[in-house]
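# Overview (structure and organization)
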Amino acid sequence: MAEEKSTSVSIGMSMKGGRTNNGFVQNEDTLERNSDPGSPEHSPQHDTVDVLGPAGPDLKDVRPYAGMPKEVLFLFSGQAHYRVPREVLFWLTVASVLVLIGATIAIIAISPKCLDWWQAGPMYQIYPRSFKDSDKDGNGDLKGIQDKLDYIATLNVKTVWITSFYKSSLKDFRHAIEDFREIDPIFGTMEDFENLVAAIHDKGLKLIIDFIPNHTSDKHTWFQWSRTRTGKYTDYYIWHDCTHKNGTTTPPNNWLSVYGNSSWHFDGVRNQCYFHQFTKEQPDLNFRNPDVQEEIKEIIQFWLSKGVDGFSFDAVQFLLEAKHLRDEAQVNKTQIPDMVTHYSELYHDFTTTQVGMHDLIRSFRQTMDQYSREPGRYRFLGTEAHGESVAKTMMYYGLPFIQEANFPLNSYLSKLDTPSGNRVFEVITSWMENMPEGKWPNWMIGGPDNARLTSRLGEKYVNIMHMLIFTLPGTPITYYGEEIGMRNLLATNLNETYDADTLLSKSPMQWDNSSNAGFSEGSHTWLPTSSDYHTVNVDVQKTQPRSALKLYQELSLLHANELLLSRGWFCYLRSDNHSVVYTRELDGTDRVLLMVLNFGELSVLNLKEMISNIPTRVRIKLSTNSAYKGREIDTHAITLDKGEGLILEYNTKNLLHHQTAFRDRCFVSNRACYSSALNILYNSC
């Protein structure tokens, strides 16, 4: 009888009604029955909790309660109605994690490669001596560039490209370098450069700089040691025996300098001739010497360690010459050999684009790749090879699995000297048709070696050329001042002794209508400012809703935010002497952007004849005439004035690049498709 009472008062085994115990107080019924402290049931020996009992408890009417011992918990946890939900939740969790991992892998697998910084936005090229003077000496400098970074940011560019600022005699302005590791005092100090790099990165921008590895100045210490045959520097340059009598030199062969006359110059110290592709003050380095290659790689590493994000390698087609010294063939074989003095009078088969030259560029790329491993710090490599054919230029992209340049710089639009729809069309299609699959194009309409856009084509074509490069696939590149329509200097009153043709596109940046156009507070400037600076300047155009600067900013903003322009297909519809018409479209979206650009006289176009399924009325997204923005126009008859351009927008399910008739007229650089449901890009189109 006592054993039965003991069992009934056990904490874990209240059998009456199965009510929950709080783990500290016995069941109320038990307390009532054992209220007599003197009763035998209250003795300490009966307070011991025997959970299992001699034969295990009967859990038929018992429910779990808070504070139950683990032995009881184990008994309940094994029951099916507790175990099954727990196992279901566990496997649901496992399945969810696996689904998420699988979905992540799938999204990564089908997602196109993200555009890198050199693809995502425009580049802005600055000639530093002409951009902004901060110390009143009449020369632009690095601090001046830093002072104007806020303005550069308003242009929505991603990259600042600064042309050569190395210590130099400034012969040929950029290329006669005396020390590759020093800043020319005209531009400031190394500390100024380091501050500029930090400021550019603080603005979220990238910096690339010019690098001219082909030659040095004749004042460079390497050359001084080479002419005295000092150690390893003896063969740092290209030397050869030649005859020099009575002040007259007979060169080893008929090779010519880019600037005319023989490319060999006699040096009285070494008593030999040295080779120079450009001026005699710019002797060519001997890149067949491994020590020279190593020197150049160390210079690249030096600037990368300073925080530079990339280089534009200039004059790369001249890096190697043929080992033999055979004469180059004349263009006009009947011309007397001694009368051949102009560069264009020879075929330069032995002095440009030699076997091994591309290997050198690949080695530069490999050096830069060592600094590209950190996320977000990829280093860009561009090449300039002026005068090369399109086919030869494409070789600078490299091979499918061996990269060279991210892109060779495309300056063909910079050489257009007459406005013509057909000429523009030829430049575009020749690049897109010859570009290797998967590579990235770029477009320049100006530069320090070319006449300014306004002077070449006329003021009316400034806006339409900007509309062109911002709506073509690839990276647009702008030379400073082109965004406001600056023109060439007149070739008078130049206070420099160099060839005027190299100066005309380098006039000081026109910031406002104050003295010296706001370029300098000094009493003079290294070049005079253009005579139109009172009306063509940044301050004036910031307040004019129809200015070239305002349209440039709108175009750059559209380029930054419009998937059709950064990822879409390019399909050309028509070109003639007047107009160029093309579309940008993207799989997965039914929106199409249609560009209509008129390079000729007043024209009327019927878009219905070009695109059968185009709506009767389409909306003007952007126009070179801002008064038309947002309007709708009839596609049967669109009237365009001289130099006028329109970006039209319409919807269609029938994209042109899917149509057989247009398949050969459509190109894409970085293929992607858009999912409106998931709001992602994918490449399994």
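Residues numbered from 1 in each chain as written. Predicted model: local features only at pLDDT ≥ 70, side-chain atom pairs only at ≥ 80, totals over all residues. Heavy atoms only, no water.

### Quick look at a nonpolar patch on the surface
- A grouping of Val 84, Val 88, Leu 89 and Leu 92 is seen on the molecular surface, where their side chains present a nonpolar patch of about 350 Å² in accessible area.
- On the basis of relative accessible area, Leu 89 is assigned to the exposed category, the value being 56%. (Patch = residues over 30% accessible without salt bridge, like charges linked within 9 Å, V, L, I, M, F, W, Y side chains within 5 Å. Areas by Shrake-Rupley, 256 points an atom, 1.4 Å probe, with all protein chains shown as cover. Salt bridge = Lys/Arg side-chain N within 4 Å of Asp/Glu carboxyl O. Buried < 20%, exposed > 50% of the residue type's maximum accessible area, 1.4 Å probe, protein only.)

### Regarding the environment of Thr 351
- Examined against the element boundaries, Thr 351 turns out to sit in the loop between β11 (310-313) and α11 (357-369).
- With 29 residues separating them in the primary sequence, Thr 351 and Ala 322 have C-alpha atoms 6.3 Å apart.
- Setting aside chain neighbours within four positions, we find Thr 351 in contact with Trp 255, Phe 275, Gln 277, Gln 317, Phe 318, Leu 320, Glu 321 and Glu 328.
- At a separation of 2.9 Å, a polar atom in the side chain of Thr 351 contacts the side chain of Glu 328. (Helix = DSSP H or I, 4+ residues; strand = E, 2+ residues; numbered from the N terminus. Contact = heavy atoms within 4.5 Å. Polar contact = N/O pair within 3.5 Å; in protein donor to acceptor, adjacent residues only side chain to side chain.)

### Focus on the UniProt feature "transmembrane region" (unreviewed entry) in the protein chain
- In the numbering adopted here, UniProt assigns the feature "transmembrane region" (unreviewed entry) to residues 88-110.
- Between the end C-alpha atoms of residues 88-110 there is a gap of 32 Å, over a span that is 100% helix and 0% strand. (UniProt positions renumbered as here; feature names shortened; annotations may be inferred.)

### Brief notes about unusual backbone geometry
- In this structure, Asn 246 takes a positive phi of about 55° despite not being glycine.
- Looking at the element boundaries, Asn 246 is found in the loop between β7 (243-245) and β8 (248-250).
- For Asn 246, a relative accessible area of 81% corresponds to the exposed category.
- With a phi close to 50°, Thr 353 is a non-glycine residue in the positive phi region.
- In this structure, Thr 353 sits in the loop between β11 and α11.

### Considerations on the packing of aromatic side chains
- In this structure the tally under the stated criterion is 44 aromatic pairs.
- On the numbers, 6.2 Å between centres and 70° between planes, the contact of Tyr 124 with Phe 131 is edge-to-face. Exposure class is identical for Tyr 124 and Phe 131. Each is buried.
- Centre to centre, the rings of Phe 223 and Tyr 274 are 5.1 Å apart; their planes meet at 75°, and the pair counts as edge-to-face. Placement of Phe 223 in helix α9 (residues 221-227) and of Tyr 274 in strand β10 (residues 272-275) is noted, with a sequence separation of 51 residues between them.
- By relative accessible area, which is 2% here, Phe 223 ends up buried.
- The positively charged end of Arg 181 is found above the aromatic ring belonging to Phe 302, 5.9 Å away from the centroid.
- Over the ring of Tyr 480 we find Arg 452; its NZ or CZ atom is 4.7 Å from the centre of that ring. (Phe/Tyr/Trp six-rings, centres within 6.5 Å; stacked < 30°, edge-to-face > 60°. Lys NZ or Arg CZ within 6 Å of the ring centre and 35° of its normal.)

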